[in-house]
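Spelled out, the chains give:
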Amino acid sequence: MIRADKIYKLYNDNVILNNINVQVEKSEFVFLVGQNGAGKSTLLKMIYRDVLPTKGEVFVNNVNVTRLKRRSIPLLRRSIGVVFQDYKLLKYKTVAENVAFALEVLEKDPKFIKRQVLQVLDLVGLLKKKDEKPSALSGGEQQKVSIARALVNNPQILIADEPTGNLDPDTSWEVMQLLDKINEQRKTTVLVATHDKAIVDSMRKRVVEISGGRILRDEILGGYR
Ligand SMILES: Nc1ncnc2c1ncn2[C@@H]1O[C@H](COP(=O)(O)OP(=O)(O)OP(=O)(O)O)[C@@H](O)[C@H]1O
Ligand SMILES: [Mg+2]
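Because the structure is predicted, anything quoted here is derived from the model rather than measured.

The helix and strand inventory of the protein stands at seven helices and ten strands. Whereas a compact globule of 225 residues would reach a radius of gyration of roughly 17 Å, the protein reaches 17 Å, a difference of no more than 12%. Across its three principal directions, the C-alpha atoms of the protein cover 45 × 40 × 30 Å. Each of the 225 residues in the protein was classed as buried or not, and the buried ones make up 36%. Contacts in the protein between residues at least 24 apart in sequence constitute 65% of all its contacts with a sequence separation of at least 6.

What follows is the structure in structure tokens.
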């Protein structure tokens, strides 16, 4: 489903990624770990074509994302939901409006939008908060809204770049359990960049660690691949 092939990335003559090869199958759940500046976000951004590699290629569903024409980028991004550390919700819109917005820009039928919005808000457990503004929600709830927004278009892939970076340990755990549930129930391929060692160690998923521009380890906890 996702294949990064011999990826090199230079920023101002600094080698950030140095021959990265990684493949993720449909419905996999993968943690991407590594120190600050290891290149986790850079690698994730290559998947949704926010960053181009200096050398090498990235394929999503056998489409060479690296060679994609500018006009085809929106179509790629419709198959990928993205969640960030800082939620990026629109503060003057309600929870439901924030989630609906992702479909409104695609000019979907209003009835369809309503149904989808209620369905994903139910999935993340925030139906009762649908008419609140983000400022009335806790950090964990805001992150769940941003996850709902990322899912409302039923993407095949969900990318979460440090989704728990601003959350306390209990709330972080809740958000990761939610990502796990989405992976299980919807068979969404989930990629999570995180520094949260406790969570990574206890969830027993595949872990890809980047260090010094290379893949230092790639294993499923509890059994090597
Ligand atoms: N647009 C850019 N221009 C120049 N350098 C960049 C750019 N984006 C990232 N970098 C550099 O590339 C390196 C990798 O950055 P990246 O954000 O991918 O790391 P990361 O693993 O996500 O780190 P963190 O854990 O802090 O989020 C860093 O040294 C960063 O300063
Ligand atoms: Mg990062």
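In space, the four strands of this open sheet follow the order E2-E1-E4-E5, with antiparallel pairing throughout. Edge strands, defined here as strands with exactly one partner in the open sheet, are strand E2 (14-24) and strand E5 (63-64). Taken together, the eight bridges between strand E1 (residues 2-11) and E2 define a ladder with antiparallel strand orientation. When the sheet's bridge partners are listed, Tyr11 is paired in E2 with Asn14. The sheet strands contacting helix H1 (residues 40-47) are E1, E2 and strand E4 (55-60), and the helix crosses E1 at an angle near 125°.

In this structure, strand E9 (residues 206-211) lies alongside strand E10 (residues 214-220), joined through six bridges in antiparallel fashion. Paired with Ser211 across the two strands is Arg214, which belongs to E10. What sits between the antiparallel neighbours E9 and E10 is a turn of two residues, in which Gly212 has the positive phi angle 60°.

With that settled, the discussion passes to unusual backbone geometry. For Asn12, which is not glycine, the phi dihedral falls at a positive 50°. Along the chain, Asn12 falls in the loop between E1 and E2. Residues other than glycine seldom take positive phi values, yet Asp13 does so here, at roughly 70°. Relative to the helices and strands, Asp13 resides in the loop between E1 and E2.

At a minimum axis separation of 10 Å, helix H5 (residues 139-151) and helix H6 (residues 169-186) run at an interaxial angle of 20°. Between H5 and H6, the interaxial angle falls into the category roughly parallel. Both H5 and H6 take part in a crossing whose hand is right-handed. Contacts from Gly139, Gly140, Gln143, Lys144, Ile147 and Leu151 in H5 reach Thr171, Glu174, Val175, Leu178 and Ile182 in H6. Tallied by class, the residues present in the contact of H5 with H6 amount to five nonpolar, four polar and two charged.

Our next topic: the site of ligand 1. If you check the shell around ligand 1, you find Tyr11, Asn12, Ile16, Gly34, Asn36, Gly37, Ala38, Gly39, Lys40, Ser41 and Thr42 and nothing else. In terms of residues, the shell around ligand 1 owes the most to one element, H1, which gives three residues. Of the residues that constitute the shell around ligand 1, the class distribution is three nonpolar, seven polar and one charged.

Moving on: the environment of Gly140. Tracing the sequence through the fold places Gly140 in helix H5. Distance from Gly140 to Pro163, taken between C-alpha atoms, is 9.5 Å for residues 23 residues apart in sequence. Residues contacting Gly140, with those up to four places away along its chain left out, are Leu167, Thr171, Glu174 and Val175.

Turning our attention to H5. Look at H5: 19 Å from first C-alpha to last across 13 residues, which is about the 18 Å you get at 1.5 Å a residue. Extensive coverage of H5 is indicated by the burial of eleven of its 13 residues. Burial in H5 covers these residues: Glu141, Gln142, Gln143, Lys144, Val145, Ser146, Ile147, Ala148, Arg149, Ala150 and Leu151. Buried residues along H5 sit against strand E6 (80-84), helix H3 (95-104), helix H4 (110-123), strand E7 (157-161) and H6.

Cut-offs and rules
- Residues numbered from 1 in each chain as written.
- Chains lettered and ligands numbered in written order.
- Predicted model: local features only at pLDDT ≥ 70, side-chain atom pairs only at ≥ 80, totals over all residues.
- Helix = DSSP H or I, 4+ residues; strand = E, 2+ residues; numbered from the N terminus.
- Rg over C-alpha atoms; globule rule 2.2 N^0.38 Å.
- Buried ≥ 20, exposed ≤ 12 C-beta atoms within 10 Å, placed from the backbone.
- Contact = placed C-beta atoms within 7 Å.
- Pairing = 2+ DSSP bridges.
- Axes fitted to C-alpha atoms, helices over the stretch in contact; angles between N-to-C directions.
- Parallel < 35°, antiparallel > 145°, perpendicular 65-115°, else oblique.
- Left-handed = near helix turned anticlockwise from the far one by under 90°.
- Nonpolar A, V, L, I, M, F, W, Y, C, P; charged D, E, K, R; others polar.
- Near = placed C-beta within 6 Å.
- Expected span 1.5 Å × (residues − 1).

Scope: geometric values only; no functional claims are made or implied.
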